[in-house]
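Chain and residue survey
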Amino acid sequence: MPAVASSPIPAVLEKLGPLDADRIADLRPYLESVPDPRSRRGRWYPLTAILLVCACAAVCGAKSIDEFGERATNSLLASLGIRHHLLGWRRSPKPVTLGRVLQALDGDALDQAVGAYLADQHRVTASEEVPEARSRQVIAVDGKALKGSARLAAPRRHLLSAVTHDRVATIAQVEVGAKTNEVRHFKPLLAPLDLADTVVTFDALHSVRANITWLVETKKAHYIAVIKTNQPTAYAQLAALPWTSIKVQHTASATAHGRRESRSIKTCAIADNLGGIAFPHARLALRVHRRRKPTGRPETRENVYAVTSLAAHQTRPADLAAAIRGHWGIENSSHYIRDVTFAEDASTIHAGTAPRAMATIRNLAIGALKILGADNIAKTTRAIRHDPERSLAILGISSRW
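Residues numbered from 1 in each chain as written. Predicted model: local features only at pLDDT ≥ 70, side-chain atom pairs only at ≥ 80, totals over all residues. Heavy atoms only, no water.

**Overview of the overall build of the protein chain**
Per the secondary structure count, the protein chain includes 15 helices and nine strands. For 401 residues, the compact-globule estimate of 2.2 N^0.38 gives 21 Å, and the protein chain sits close to it at 23 Å. Structurally, the protein chain occupies a C-alpha span of about 80 × 55 × 45 Å along its principal axes. Looking at the protein chain residue by residue over its 401 residues, the buried ones come to 49%. A sequence separation of at least 24 residues applies to 66% of the contacts in the protein chain between residues at least 6 apart. Side-chain charges in the protein chain split into 54 positive and 36 negative, and the spacing between the mean points of these groups amounts to 5 Å. (Helix = DSSP H or I, 4+ residues; strand = E, 2+ residues; numbered from the N terminus. Rg over C-alpha atoms; globule rule 2.2 N^0.38 Å. Buried < 20%, exposed > 50% of the residue type's maximum accessible area, 1.4 Å probe, protein only. Contact = heavy atoms within 4.5 Å. Lys, Arg positive; Asp, Glu negative; His and termini not counted. Charge placed at Lys NZ, Arg CZ, Asp CG, Glu CD.)

**Thoughts on the nonpolar core**
The biggest cluster of nonpolar side chains holds 60 residues, and the ones touching the most others in it are F68, L80 and L105. Tallying contributions element by element places helix α3 (residues 47-59) first for this core, with twelve residues. Counting residues in hydrophobic clusters, the runner-up holds 35 residues, among them V141, V174, A234 and F279. (Core = buried A, V, L, I, M, F, W, Y, C linked by side-chain atoms within 4.5 Å.)

**A closer look at helix α6 (residues 95-104)**
Of all the positions in α6, only T97, L98, V101 and L102 are classed as buried. Down the axis of α6, the sector holding all buried residues measures 120°, keeping them to one side. Projecting away from the buried face of α6 at angles above 90 degrees are the exposed residues V96 and R100. Buried positions along α6 lie against α3, α4 (65-71) and α13 (354-372). (Arc of directions from axis to C-beta.)

**Some thoughts on the packing of helix α12 (residues 317-340) against α13**
Viewed as axis vectors pointing N to C, α12 and α13 meet at an angle of 125°, and their least axial separation amounts to 11 Å. Judged on the interaxial angle alone, α13 and α12 are oblique. Viewed along their axes, α12 and α13 form a crossing whose handedness is right-handed. Contacts between α12 and α13 involve S333, S334, I337 and R338 from the first element and A359, R362, N363, I366 and K370 from the second. Grouping the constituent residues of the contact of α12 with α13 by class yields three nonpolar, three polar and three charged. (Axes fitted to C-alpha atoms, helices over the stretch in contact; angles between N-to-C directions. Parallel < 35°, antiparallel > 145°, perpendicular 65-115°, else oblique. Left-handed = near helix turned anticlockwise from the far one by under 90°. Nonpolar A, V, L, I, M, F, W, Y, C, P; charged D, E, K, R; others polar.)

**Digging into the packing of helix α7 (residues 107-127) against α13**
Following both chains from N to C, one finds α7 and α13 inclined at 5°, their axes separated by 10 Å at the closest point. As far as their axial angle goes, α13 and α7 are roughly parallel. Each of G107, D108, L110, D111, V114, Y117, L118, Q121, H122 and T125 in α7 lies in contact with α13, whose residues at this interface are R356, A357, T360, N363, L364, G367, A368, I371 and L372. Of the residues that constitute the contact of α7 with α13, the class distribution is nine nonpolar, seven polar and three charged.

**A few points about the environment of E67**
You can see E67 is positioned in helix α4. Residues E67 and A57, spaced ten residues apart in sequence, show a C-alpha to C-alpha distance of 8.3 Å. Setting aside residues no more than four positions away along its own chain, E67 makes contact with A62 and R385.

**As for the state of the cysteines**
All chains considered together, the criterion is met by zero disulfides. Free of any disulfide, C56 has its nearest neighbouring cysteine sulfur in C60, separated by 6.3 Å. A relative accessible area of 0% means that C56 is categorised as buried. (Disulfide = S-S within 2.5 Å.)

Put into structure tokens, the structure is as follows:
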């Protein structure tokens, strides 16, 4: 009998490289640290198995858990830890079961488990790079609202995340009550992370002196803080520096999405206290000049000011420009994918911890694929959708329990 040829690997999946156990950590031990909120009596599905079903469904780009359950084979469910019936068959959890579990779940514990997994996987992948290509890790602190989680009596949920710039992955996340509360969650978000010699980027909302002092002195990290008019003294000082006498040190141009953009950066060494007023541990002042020309519309220009704790001998203007640009790019490389590819804004899940838990599962899918080298999450998930067993290797699940 002739051997049956295996299905060819789609080109979009070849970019992920070899999916072997030495390169990809097993997700299961991380999820086992999440406490089960259910009573011991009457459990049929283990909590880890339920979370794995959600994770695989997200990696497959399934529109619902039911869709994934219909495509999942008996062997796939067995690998996820789904118990078999006395007659031998296995079934994916029903939406009502998933809903009850996700609503009562410990959101902090799930975020810590997923964040630890992505951080470890990101570290392993970064170690594969040649020494000449390695640079300081850059992490962005940014918030995102879950629009579909709002109800008449309750506002929309808001999450604050720490996201790596390179091979985008959400390595920490906390829920905040409202967007104005992001500042006081800055330290709890970053406290569990090892930030020694990393660079943290954030927008003007988090450019608070107490947070920056803690970041540099306690976490031994560097920062790039954008300064806007909400801090008028520091903004006026930066704008008054002799920028006209400083040469442009790096320029980058690009044409995409119907517009042409050009960005140039200048740096200026400053005193530690920025003229006696503003930022602790500040070494360089930055000015990024952006020119944008949409097709058929007039050109716009804008100056963006920032300060950093990196000294001139510790970095290059090109690296600073890339870090600032990378912070703005988190919107496209993470938030946009969650909203469009995974339809997060259209989701009406709102009860208990479920909105945050589903956002964490989407972060897990995006991070796992991005770390492996996927550059188009929509195409990658579509390639996996019709062969859901491929999701096992992506999450490091190589054998049955």
